[in-house]
Amino acid sequence: MGESGSGTPRLELARARRQRGLSQKAAAEKVGVAATTWSRWERGGQGVRAGSRRRLAELFEVSPIEVERWIDGWSFGETSSWPVTEYGDTSTAATVRSAALLWRYEMDETRRHLLASLPFVPAALGEWLTAWNYGTPPTSVAQRGTGARVGVADVEQINEACKVFGQMDNQFGAGLVRPVVVGYLDKSVKPLLRGRYDDRVGSALMSAAAGMSWLAGWTAFDSNRHGQAQQHFGQALRLAKTGDDSLTGAWVLATLARQAIHLEQATWAPWLARAATDTARQAQASPRVMALMLSREAWATALHASQSGSPDRHTAKQVERLITEAERAYAQGASDRDPEWVSRYEEVELRAQAGRCWSMLGEHRRAVGLAEAAVTEYRERIPRTAQFNQIHAAEEYLGMGELEQAIDVARAAIPMTKALTSARATELAQKFADELDPYSSSIMVRQFRDQLHSELAA
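Only a predicted model underlies this, so the values are computations on that prediction, with no experimental measurement involved.

Observations regarding the overall build of the protein
Within the protein one finds 23 helices and zero strands. Over its C-alpha trace the protein gives a radius of gyration of 24 Å, about what one expects of a compact globule, namely 23 Å for 458 residues. Principal axes of the C-alpha set define a box for the protein whose edges measure 75 × 55 × 40 Å. Evaluated residue by residue, the protein yields a buried proportion of 53% over its 458 residues. The long-range share in the protein, meaning contacts at least 24 apart out of those at least 6 apart in sequence, stands at 75%. Entry remark: accessible area of the protein is about 20000 Å², with carbon and sulfur atoms responsible for 49%. Across the protein, the mean location of the 54 positive side-chain charges is 6 Å away from that of the 54 negative side-chain charges.

Structure (structure tokens):
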């Protein structure tokens with residue numbers, strides 16, 4: 001290894017030293033280097049040679065892989081092994097360095113396993129919200145170096161690739177497309193971020209990279225790897241901040257709210273959703289964007305109410321108001337200010353999400369028709385969305401006490417589930433099967449569960 005440093009502080013190396021009760025001088029002596037060398041190691045100002053890495057592993061009684069993680073600069077929380085993204089530096093160089101490190105980890109087999117096993121950490125969201133709301137974008141995102149020159153055509157290529165990958169994800173689920181997305185980030189997007197570009201191209205490049213990082217997060221989310229997804233969403237938010245792109249930031253915040261809803265994080269979901277709505281308003285977003293944000297806020301509000309016990313009348317009215325606002329905004333039609341990502345947000349999806357709100361508030365009859373309409377609309381075009389709504393319709397029938405109808409509807413979702421490479425879709429079907437526990441003595445329940453298990457195992 002050479003003697004150049006990454007510039008990223010090695011917080012875990014410093015933490016390991018402190019936990020042993022060693023000063024920098026004492027630690028340096030044990031490894032056989034000067035105290036000034038150790039100090040530069042911790043600051044990220046100097047590389048660590050192979051022999052010193054081996055002695056570090058021996059000193060701290062950790063694996064060589066762990067030492068590599070420390071040297072790469074990943075910072076783990078005091079109480080959990082989770083690499084929290086550092087938001088203190090919003091410069092282009094720091095953002096590019098952070099993105100490159102995350103994407104390189106995705107391409108390393110050992111470190112990819114680490115990412116996949118990460119837990120979702122709600123506490124990180126507070127830091128991200130603060131950085132998003134109060135942080136200052138860099139005065140310039142231009143980068144002048146020895147890398148290849150980057151132009152508008154390069155940025156458009158990223159956006160087009162993101163669109164194609166997104167269509168594949170919708171059609172087949174994350175299992176098929178995710179390796180392609182993370183490979184594209186590392187092999188194609190990373191070199192562009194390290195290239196030469198002016199402010200105009202730089203801003204567009206940050207937004208495009210944020211969109212692709214969002215897709216890496218989304219495919220991890222669909223794979224039920226929530227800590228890994230959170231890392232990519234956090235990186236997407238940071239890229240959007242560096243590029244001063246409020247609309248993309250609102251989109252990422254709304255997606256983080258969606259993840260929080262899925263994980264039943266009833267406190268964080270409304271905060272994230274409201275931050276997304278406020279960001280979109282401040283950016284004077286188009287009506288379609290506002291419809292998406294308001295719908296997500298309604299969903300998060302309904303979750304909070306459902307987790308708080310019996311929803312009160314005031315909360316139900318608040319949810320209905322947000323849904324009505326979303327529908328009115330959507331009815332204003334498309335705009336030339338619509339970002340590409342909102343063009344995929346259709347009215348039937350807006351109504352299906354309203355159905356999820358009513359379901360959380362116990363209004364199952366109101367919700368079931370919206371779910372079934374979404375199945376009809378999406379069955380041929382977007383199979384994963386159709387499968388979700390098929391299961392949701394079954395849940396509503398079960399909520400109304402109509403067991404036979406619920407099982408018939410859920411049974412139709414089995415081949416849909418089997419055709420997808422989506423852990424989230426599989427989890428949803430299995431969750432419905434678990435909800436049948438009160439009726440486990442029923443023959444049709446046992447037959448449904450046997451069929452589900454047999455088909456998914458195959």
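Quick look at the pattern of salt bridges
Tallied over the full model, the rule gives 24 salt bridges. The closest approach of N and O atoms between K187 and D186, which form a salt bridge, is 3.8 Å. Given a relative accessible area of 60%, K187 falls into the exposed group. By relative accessible area, which is 7% here, D186 ends up buried. Of the charged contacts, one joins E325 and R281 as a salt bridge, the two residues approaching to 3.8 Å between their closest N and O atoms. With E325 in helix 16 (residues 313–331) and R281 in helix 14 (residues 268–282), the pair connects residues that are 44 residues apart, well separated along the chain. Shared partners join several salt bridges into a network, and the residues in it are R356, E395, E396, K431 and E435.

Here's the deal with the side chain of E395
Tracing the backbone shows E395 in helix 19 (residues 383–399). Looking at E395, the relative accessible area reads 11%, which means it is buried.

Some points on unusual backbone geometry
You will see that E264, though not glycine, has its phi angle at about 55°, which is positive. On the basis of relative accessibility, which here comes to 47%, the residue E264 falls in the partly exposed class. In the Ramachandran plot, Q284 falls in the positive-phi region, its phi being about 50° despite a non-glycine side chain. Among the secondary structure elements, Q284 is positioned in the loop between helix 14 and helix 15 (287–307).

Topic: the nonpolar core
Ranked by internal contacts, the top residues of the largest apolar core, which has 94 residues, are W103, L193, M212, L272 and M293. Counting residues per element, this core draws most heavily on helix 11 (residues 199–222), at 13 residues. Ignoring sequence-local partners within four residues, the contact set of W103 consists of L185, D186, V189, K190, L193, A209, S213, H232 and L239. Formed by 32 residues, the second largest nonpolar core is a distinct cluster that contains A374, Y378, L398 and I414.

Description of helix 16
For helix 16, built from 19 residues, the straight-helix expectation of 27 Å at 1.5 Å per residue is met to within 8% by its first-to-last C-alpha distance of 27 Å. Residues of helix 16 that are buried in the fold lie against helix 15 and helix 17 (347–360). A positive phi of about 90° marks G333, the residue just after helix 16.

Observations concerning the packing of helix 11 against helix 13 (residues 246–262)
Look at helix 11 against helix 13: their axes get within 10 Å of each other, and the N-to-C directions meet at 10°. One element, helix 11, and the other, helix 13, form an angle in the roughly parallel class. Contact with helix 11, carried on its side by S207, A210, G211, W214, W218 and F221, involves T248, W251, V252, T255, R258, Q259 and H262 of helix 13 and no other residues of that element. Classifying every residue of the contact of helix 11 with helix 13 gives six nonpolar, six polar and one charged.

A word on the packing of aromatic side chains
Scanning the entire structure with this criterion turns up eleven aromatic pairs. A centroid spacing of 5.5 Å and a plane angle of 50° characterise the contact between W38 and W41, whose relative ring orientation is tilted. Note that W38 and W41 are positioned in helix 3 (residues 35–43) at a spacing of three residues, about one turn of the helix. Taking the relative accessible area as the measure of exposure, W38 reaches 0% and is therefore buried.

Here's the deal with helix 18 (residues 364–378)
Every α-helical turn comprises 3.6 residues, leaving residues that sit three or four positions apart pointing alike. Spanning 15 residues, helix 18 covers 21 Å between terminal C-alpha atoms, matching the ideal 21 Å at 1.5 Å per step. Of all the positions in helix 18, only A367, V368, A371, A374, V375 and Y378 are classed as buried. Looking down the long axis of helix 18, one finds its buried residues gathered within 130° of arc, a one-sided arrangement. The exposed residues of helix 18 that point more than 90 degrees off its buried face are R365 and T376. If you follow the buried residues of helix 18, they end up packed against helix 17 and helix 19.

The rules behind these values
Residues numbered from 1 in each chain as written. Predicted model: local features only at pLDDT ≥ 70, side-chain atom pairs only at ≥ 80, totals over all residues. Heavy atoms only, no water. Helix = DSSP H or I, 4+ residues; strand = E, 2+ residues; numbered from the N terminus. Rg over C-alpha atoms; globule rule 2.2 N^0.38 Å. Buried < 20%, exposed > 50% of the residue type's maximum accessible area, 1.4 Å probe, protein only. Contact = heavy atoms within 4.5 Å. Areas by Shrake-Rupley, 256 points an atom, 1.4 Å probe, with all protein chains shown as cover. Lys, Arg positive; Asp, Glu negative; His and termini not counted. Charge placed at Lys NZ, Arg CZ, Asp CG, Glu CD. Salt bridge = Lys/Arg side-chain N within 4 Å of Asp/Glu carboxyl O. Core = buried A, V, L, I, M, F, W, Y, C linked by side-chain atoms within 4.5 Å. Expected span 1.5 Å × (residues − 1). Axes fitted to C-alpha atoms, helices over the stretch in contact; angles between N-to-C directions. Parallel < 35°, antiparallel > 145°, perpendicular 65-115°, else oblique. Nonpolar A, V, L, I, M, F, W, Y, C, P; charged D, E, K, R; others polar. Phe/Tyr/Trp six-rings, centres within 6.5 Å; stacked < 30°, edge-to-face > 60°. Arc of directions from axis to C-beta.

By themselves, these figures tell us nothing about what the structure is for.
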